[in-house]
Amino acid sequence: MLNNDVFLRALRREKVERLPVWYMRQAGRYQAEYREIRKTHTLEEICLNPALCAQVTRLPVEQLGVDAAILFSDIMIPLGPIGVQYSLVKDRGPEIANPIRGLSDVQALRPIRPHMDLPHVLATIQLLKTQLEVPLIGFSGAPFTLASYMIEGGPSRDYLRTKTMMHQDPKAWSLLMEQLGELIVTYLRAQVKAGADAVQVFDSWVGSLAPVDYRQHVLPVMQKIFAGLQDLGVPSIYFGVNTGELLGDFAEVGASAVGIDWRVPIPVARQRTQGKVALQGNLDPALLFAPWPVIEERARAIVDEAVAQPGFVFNLGHGVLPQVNPEVLKNLTRFVGEYSGRVINARKEFA
Ligand code: CP3
């Protein structure tokens, strides 16, 4: 039973008594329990086993006291059923055996049928709904970020093949965006119908684009995706890294909230998004390796700026790094909850 909805209220820009906290990649290798499970199960095996996948999803909620759970999965998981042969390579990321090279490769992709292709994902969500007291975030990769893996064949520094297809083969590119857009809407709708309380769309690598290319080649499919989720009434978050110069466009996709990284000051992000969305972020994940007083000072500064307007979710600017000490994340969660509660309460008294 849900007994803590501060995360959902913040996404809706309603009143909160403190800032909600969760972390991207909050389940993973920094946890001893996760490393232990990974000794005997691959990531895909965890995802195929609803009881185990729900357990891994709950680990950070139980250990850190965060205000939301995120379904344990990976952005590559829905790509298998549509015909992408991927593997997740340790310390590197996804690698694809059959990368997309042109229109015929895009045409060969199949549509997704969540109940037939990914029943374990939906079963995990249903199970988690009976176990969790905090909201559950469903998620998907975004078309550009998924396409970058599908076209490059793996992680990339410059996204040269991806950008080349975008400019040289607009027919293949727009069909790929359209197919991935449909996959994402279908997949996220199934997650919400199974019980997800909010959704996040990870566009981790879209910050590599010039704003003009983002507007022309990516923004339309993003608007279609969030429009396709509108009637469900669940809050949505659109996240990318290095997207400072895209934030004005991000505010137009139709998401309830936009994720920002540590390169963008919160007041600047507010200005660029013009009060159209809630914000989520934005502590540098590398800062968690600093001495505690430094971490506390930066977290305090984020809270002080964040509480100036409703609609803020405390998070890192990107995923938790595997080397982080879980105690630090636990202390950070407690500090942000307590300190933001004090600040918000004090503002009320003086209002
Ligand atoms: O946030 C969570 O706790 C939920 C789980 C989650 C994973 N991947 C599990 C995972 C989420 C939300 C993702 C999203 C994801 N996957 C993104 C978008 C977010 C981001 O970080 O930008 C991207 C780009 C991927 C692709 C991917 N999958 C990468 C880069 C890696 C890391 C490779 C490595 O070994 O470090 C993966 C594998 C992966 N996905 C792991 C986990 C916990 C690695 C650990 C393992 O193999 O057990």
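Bear in mind that the values here come from a model prediction, so they are computed numbers and not experimental data. (Residues numbered from 1 in each chain as written. Predicted model: local features only at pLDDT ≥ 70, side-chain atom pairs only at ≥ 80, totals over all residues. Heavy atoms only, no water.)

**Student:** Even after reading the chapter, I still don't get the site of the ligand, so can you show me in this structure?
**Tutor:** Around the ligand lies a shell of 26 residues, among which Tyr34, Arg38, Asp91, Ser204 and His318 are the nearest. Separating an oxygen atom of the ligand from a backbone N or O atom of Arg25 is a distance of 2.7 Å. Most atoms of the ligand, that is more than half of them, are within 2 Å of grid points of the largest pocket. For the shell around the ligand, the secondary-structure elements that each account for two or more residues are α2 (32-40), β2 (86-89) and β3 (93-96). Class assignment of the residues belonging to the shell around the ligand gives a composition of 15 nonpolar, five polar and six charged. (Near = heavy atom within 4 Å. Polar contact = N/O pair within 3.5 Å; in protein donor to acceptor, adjacent residues only side chain to side chain. 1 Å grid on protein atoms, 1.4 Å probe; cavity = no way out; pocket = protein on both sides within 12 Å on 5 of 7 lines; lining within 4 Å. Sits in = over half its atoms within 2 Å of the grid points. Helix = DSSP H or I, 4+ residues; strand = E, 2+ residues; numbered from the N terminus. Nonpolar A, V, L, I, M, F, W, Y, C, P; charged D, E, K, R; others polar.)

**Student:** What am I meant to see in the environment of Tyr187 here?
**Tutor:** Of note, Tyr187 is situated in helix α10 (residues 170-194). Residues Tyr187 and Leu247 lie 60 residues apart in sequence; the distance between their C-alpha atoms is 25 Å. Aside from chain neighbours lying at most four places away, what touches Tyr187 is Ser73, Pro78, Pro114, Leu118, Val121, Phe139 and Ser140. (Contact = heavy atoms within 4.5 Å.)

**Student:** Just checking my understanding: could you explain the pairing of strand β6 (residues 236-239) for this structure?
**Tutor:** A regular strand places its side chains on the two faces of the sheet in alternate fashion. Residue alternation in β6 divides its side chains into two sets, Ser236 and Tyr238 and Ile237 and Phe239, and both sets are buried. Note that strand β5 (residues 198-202) and β6 share four bridges and pair parallel. Its bridge partner lying in β6, Val199 is registered against Ser236. Judged from the three bridges that link them, β6 and strand β7 (residues 257-259) form a sheet pairing that is parallel. Note that in β7 the partner of Tyr238 across the bridge is Val258. (Buried < 20%, exposed > 50% of the residue type's maximum accessible area, 1.4 Å probe, protein only. Pairing = 2+ DSSP bridges.)

**Student:** What is the right way to look at the pattern of salt bridges in this model?
**Tutor:** Pairing between side chains of opposite charge can happen when their charged atoms approach one another. For the structure on display, the rule yields 16 salt bridges. Among the ionic pairs, Asp197 bridges to Lys129, the shortest N-O distance being 2.8 Å. Residue Asp197 is located in the loop between α10 and β5, and its partner Lys129 is located in helix α7 (residues 119-131); the two are separated by 68 residues in the primary sequence. Under the relative-accessibility criterion, Asp197 is labelled buried at 15%. Across the salt bridge formed by Glu296 and Arg300, the nearest N and O atoms sit 2.6 Å from each other. Note that Glu296 and Arg300 are positioned in helix α15 (residues 292-306) at a spacing of four residues, about one turn of the helix. We classify Arg300 as partly exposed; its relative accessible area is 30%. In this structure, a network of salt bridges that share partners links the residues Asp5, Arg9 and Glu17. (Salt bridge = Lys/Arg side-chain N within 4 Å of Asp/Glu carboxyl O.)

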